[in-house]
Amino acid sequence: MSWTAETPILSTSQLVIGYRIPGSTPLVLAPAMNLGLSAGEVVSLLGPNGSGKSTLIRTLAGLHSAISGIVEIQGQVVKSNQVLQTARALSLVLTDRIEVQHLTVRQLVAMGRYPYTGWLGRLTNSDKVRVEEAMGLVKMTLLADRYLHDLSDGEQQRALLAKALAQDTPVIILDEPTAHLDLPNRISLMKTLKNLARETGKAILFSSHDLDLAIHTADRLWLMKRGESIIDGRADQFLDGVVLNEVFTSGLDQGEKRLFNEYLGRLHSPQPE
Amino acid sequence: MFGSVSFTWEDLGQVLSGSQETENLAFILWKIRLPKALTGILVGAGLSVSGLMMQTLFRNPLAGPYVLGISSGASLGVAILMMASSLFTAGATSGILLVGHWGMVLAAMFGALLVMLLVILVSMRIADSVSILIIGIMFGSAAGALVSVLQYFSDPDSVHSFLVWTFGSIAGVSWSQLGILVPLVIAGLFAAVVLQKPLNAFLLGENQARALGVNVKRIRLLVVILTSLLTGALTAFTGPIAFVGIAVPHLARMLFRTSDHRLIIPASVLIGSLLLLVCDILTQVPTGGQVLPINSVTALFGAPVVIWVIMSNRKTRNAWKS
């Protein structure tokens, strides 16, 4: 559980996220954030529904413009009109299920090379090598020629991760990657993310609702609560459940709070690995 | 061969070698059959590729070249021309005789252009594709309603000639008109090929496409302009031709078992052109000078194809939900 706090690959300064409303004051989701993601580290973004996790992810990825402040990746400012530049610095795995007919895993993963190929989208030999490598890293090589619509949710999520790896970016962001998965698949995906960060030195950020898995996988947690400052800390600091309790239970009644604490009590149980 | 005037292979040889005895047959071949075949190829290719691009852009298997209301715009243009002109001539001659073919082409083009400009204006302002789709359908309904109102107040002759136009016809397009249509369709198809890389990324959804580096707004605008031009021009010359644009992309994906636009664009061109030529031959089936409207033939052929696609592919029903 040691990560080196060197210069972050991705950093935000005075970043304010939210929505601009024409002719009115913007809807601000949280106070200004100064965050950093370093090479080889896994960070989990947690928070109740509506706390702004997806907005933060979309803002970091340049899909949504910030109210103010900047996001930098390796010293380059992320701009929402510089999509190609961003695509070479950051890859994104989203929750939207991809349901295209007759698209093989290899074809999907090859799309990760999009920011590098010419107008025909033809793959060079080195592109092809990267595609195979990416599938190897998430153990999808055997399924390379299968159609995407024939895969299970877990396999599809791995294929999407392979696409992100083929995109060859220093930062990978995943929006609720475990949302449609059963427990064994969730555990295996988390382990894969951790290994990837260690082996490839990529910075990985994922949002999740699985508090226990996130705490045991991530090096650090970012905790979001609507309208409040984001909490940034080492994952093992949250094991006592005090902070999680504050963030997640404000809307609950006594009985629900007791159930939540029972759930948090299990955090000390042995790691799922 | 087929058709109301029979050609033998020897006739064809004589016509091609420029023999004097076959002057009538030469006229039929060069002035009627060839332009018609060429028009069929252009219509099949252009509408199929337009439909393919719409299906990819809107991630909707029911999208086709006409979802943006362009054919309704063209219909409105023609309806106004025919029925308004018949009002002034007090129904003495039917509108179609009065305005001629070029007049109808111009009216259809103007109507298609009008709806197209509205749709483009809307798609420059609106962020999501589904809204554009719905607004396009609304434009189409509004134009269709205006056509109905016009029909209600028009004399039967004009309504009849308008109905004949809506049957669609690939005959009667002259070489000079093909001089406009051929470069336009070829340019449109070429532009579609240039767009194949971002179109492939669109298969994954707009957010994924943007995350891969696609300028989503620009590509969407280009696709809307391109489809409008292709369908607008084709509809102006031939009338609305149904089903080809929806059915052919499905056929192409089924036959070639891929969604990759590098393959599916040429495949749609090929299947679309062939389909139109086959449908045109089928219109000649009733002998004795009668010819079926091509729109009925494409629809009679297209409907079972779409049904077959859905029946034989259970996953299609869920395939486009996001």
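Residues numbered from 1 in each chain as written. Chains lettered and ligands numbered in written order. Predicted model: local features only at pLDDT ≥ 70, side-chain atom pairs only at ≥ 80, totals over all residues. Heavy atoms only, no water.

## Things to note about the sheet that holds strand β6 (residues 68–73) of chain A
Residues and elements named next belong to chain A.
- The sheet built from 4 strands is open, its strands ordered β4-β1-β6-β7 with antiparallel pairing. The two strands at the open ends of the sheet, each matched to only one other strand, are β4 (36–37) and β7 (76–77).
- The pairing of strand β1 (residues 10–16) with β6 spans 5 bridges and is antiparallel. Bridge pairing in β6 places Thr12 opposite Val71. (Pairing = 2+ DSSP bridges. Helix = DSSP H or I, 4+ residues; strand = E, 2+ residues; numbered from the N terminus.)

## Focus on the environment of Leu205 of chain A
All names here are of chain A.
- Looking at where Leu205 falls in the secondary structure, it is placed in strand β10 (residues 203–207).
- Take Leu205: its relative accessible area is 0%, and that puts it in the buried class.
- Between the C-alpha atoms of Leu205 and Asp175, which are 30 residues apart in sequence, the distance is 8.5 Å.
- Excluding its chain neighbours within four sequence positions, the residues that come into contact with Leu205 are Leu37, Val43, Leu45, Leu60, Ile172, Ile173, Leu174 and Trp222. (Buried < 20%, exposed > 50% of the residue type's maximum accessible area, 1.4 Å probe, protein only. Contact = heavy atoms within 4.5 Å.)

## With respect to the nonpolar core
- Counting 130 residues, the largest nonpolar core has Phe58 and Leu68 of chain B as its most contacted members.
- The residue makeup of this core includes at least three contributed by each of domain 1 (1–89 + 169–273) and domain 2 (98–168) of chain A.
- If we ignore the near neighbours within four places in the chain, the residues touching Phe58 of chain B are Ala63, Val67, Leu68, Ser129, Ile132 and Leu133 of chain B.
- Judged by nonpolar contacts, the second largest core, of 32 residues, contains Leu10, Leu60, Leu63 and Val171 of chain A. (Core = buried A, V, L, I, M, F, W, Y, C linked by side-chain atoms within 4.5 Å. Domains from an automatic or database assignment.)

## Quick notes on the interface of chain A and chain B
- In this complex, chain A contributes 35 residues to the contact, which on the side of chain B involves 30 residues.
- On the chain A side of the contact with chain B, Gln101, His102 and Tyr114 of chain A bury the most area, a combined 25% of that side's loss.
- Across the chain A-chain B interface, the total number found is 0 salt bridges.
- In this assembly, chain A and chain B are joined by 9 residue pairs in polar contact (both at pLDDT 80 or more).
- Those elements that provide at least two residues to the side of chain A that touches chain B are α2 (83–87), β8 (90–93), α3 (105–111) and α5 (153–166) of chain A. (Buried area = accessible area lost by both parts, 1.4 Å probe. Salt bridge = Lys/Arg side-chain N within 4 Å of Asp/Glu carboxyl O. Polar contact = N/O pair within 3.5 Å; in protein donor to acceptor, adjacent residues only side chain to side chain.)

## Here we look at the sheet that holds β10 of chain A
All names here are of chain A.
- What the 6 strands build is an open sheet, ordered β8-β9-β10-β5-β11-β12; its pairing is mixed. Looking at which strands have only one partner, the edges of the open sheet turn out to be β8 and β12 (231–234). Here the strands of the sheet are splayed against their neighbours by 20 degrees on average, with no regard to which way each runs.
- Set on the sheet, helix α1 (residues 53–60) makes contact with β5 (42–46), β8, β9 (171–174), β10 and β11 (220–223); between it and β5 the angle comes to about 135 degrees.
- On top of the sheet, helix α6 (residues 183–200) reaches β5, β9 and β10; it is set at about 155 degrees to β10, its chief contact. (Axes fitted to C-alpha atoms, helices over the stretch in contact; angles between N-to-C directions.)

## Re the confidence of the model for chain A
- Across chain A, the average pLDDT comes to 88, with 96% of residues at 70 or higher.
- Per-element mean pLDDT across chain A ranges from 82 in helix α9 (residues 254–265) of chain A up to 96 in β9 of chain A. (pLDDT = per-residue confidence, 0-100.)

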